[in-house]
Amino acid sequence: MGSKCCKSGPDKDALEKEKLKRLREKRLRERVKAAGKIQAWWRGTLVRRTLLVAALMAWMIQLWWRTRLWRRVLKRRQDLLKIYVIQEEAAVKLQSWVRMWQCHRRYCYMCNALCILQVPEGCFAFQTHDVLQEQYEVTPSHPEFHIEILSV
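Residues numbered from 1 in each chain as written. Predicted model: local features only at pLDDT ≥ 70, side-chain atom pairs only at ≥ 80, totals over all residues. Heavy atoms only, no water.

What follows deals with the overall build of the chain. Looking only at helices and strands, the chain has two helices and zero strands in total. The burial tally for the chain puts 3% of its 152 residues in the buried class. A total of about 15000 Å² of accessible surface is found on the chain, and carbon and sulfur atoms cover 63% of it. (Helix = DSSP H or I, 4+ residues; strand = E, 2+ residues; numbered from the N terminus. Buried < 20%, exposed > 50% of the residue type's maximum accessible area, 1.4 Å probe, protein only. Areas by Shrake-Rupley, 256 points an atom, 1.4 Å probe, with all protein chains shown as cover.)

Next up, the structure:
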């Protein structure tokens, strides 16, 4: 029995060493596992940060593009408005020229008619026709002329 006791001493040391070895290996595995978790967390943080930066850059590009489109739409509206104003001014000017020409033409006809009527008796006078008198009747669509001749 005494030999058993002696043998158990070194076996006990070997078992204790084996137990310590397993404990160290377990701690090492736990540390490796914890390091893997920390590395995974850090990689996730880097990926999220990169995605956030990319999303912000995409948002800035979209904002820039929408601003460009809005400015283009505003410029197009302003150009169309300028064209409209030019066309309207041209139409108004053309209408005023036509009305002025019509008034001038009627004025010249009236002046000619007055000249014919005011010719002295001794001079050669043109006969007025009924057509001329009908032509100068004032209708509601024509402006009325009131010519007053004052002698000084």
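On we go.
Counting across every chain of the model gives two aromatic pairs. Consider the rings of Trp41 and Trp42, whose centres lie 6.0 Å apart with planes at 45°: the pair is tilted. Of the residues examined, Trp41 reaches a relative accessible area of 52% and is grouped as exposed. (Phe/Tyr/Trp six-rings, centres within 6.5 Å; stacked < 30°, edge-to-face > 60°.)

Turning our eyes to something else, we now look at the UniProt feature "transmembrane region" (unreviewed entry) in the chain. Here the UniProt feature "transmembrane region" (unreviewed entry) sits at residues 46–65. Secondary structure across residues 46–65 comprises 100% helix and 0% strand; the distance between its end C-alpha atoms is 28 Å. (UniProt positions renumbered as here; feature names shortened; annotations may be inferred.)

Enumeration over the complete set of coordinates arrives at two salt bridges. The partner of Arg22 in a salt bridge is Glu18, with the nearest N and O atoms 3.9 Å apart. Taken together, the residues span about one helical turn, with Arg22 and Glu18 both in helix H1 (residues 2–117) at a distance of four residues. Given a relative accessible area of 51%, Arg22 falls into the exposed group. Glu18 sits in the partly exposed class, given a relative accessible area of 35%. (Salt bridge = Lys/Arg side-chain N within 4 Å of Asp/Glu carboxyl O.)

This part is about a nonpolar patch on the surface. Where nonpolar side chains cluster on the molecular surface, the patch consists of Leu52, Val53, Leu56, Met57, Trp59, Met60 and Leu63 and spans about 720 Å² of accessible area. The partly exposed category is assigned to Met57, whose relative accessible area is 47%. (Patch = residues over 30% accessible without salt bridge, like charges linked within 9 Å, V, L, I, M, F, W, Y side chains within 5 Å.)

Mean pLDDT over the chain stands at 81; residues scoring 70 or higher make up 69%. Considering only residues more than four positions removed or in separate chains, one finds that residues 1–6, a stretch of pLDDT under 50, has zero contacts. Counting interchain partners and residues more than four positions distant, the pLDDT-below-50 stretch residues 128–136 has seven contacts. (pLDDT = per-residue confidence, 0-100. Contact = heavy atoms within 4.5 Å.)

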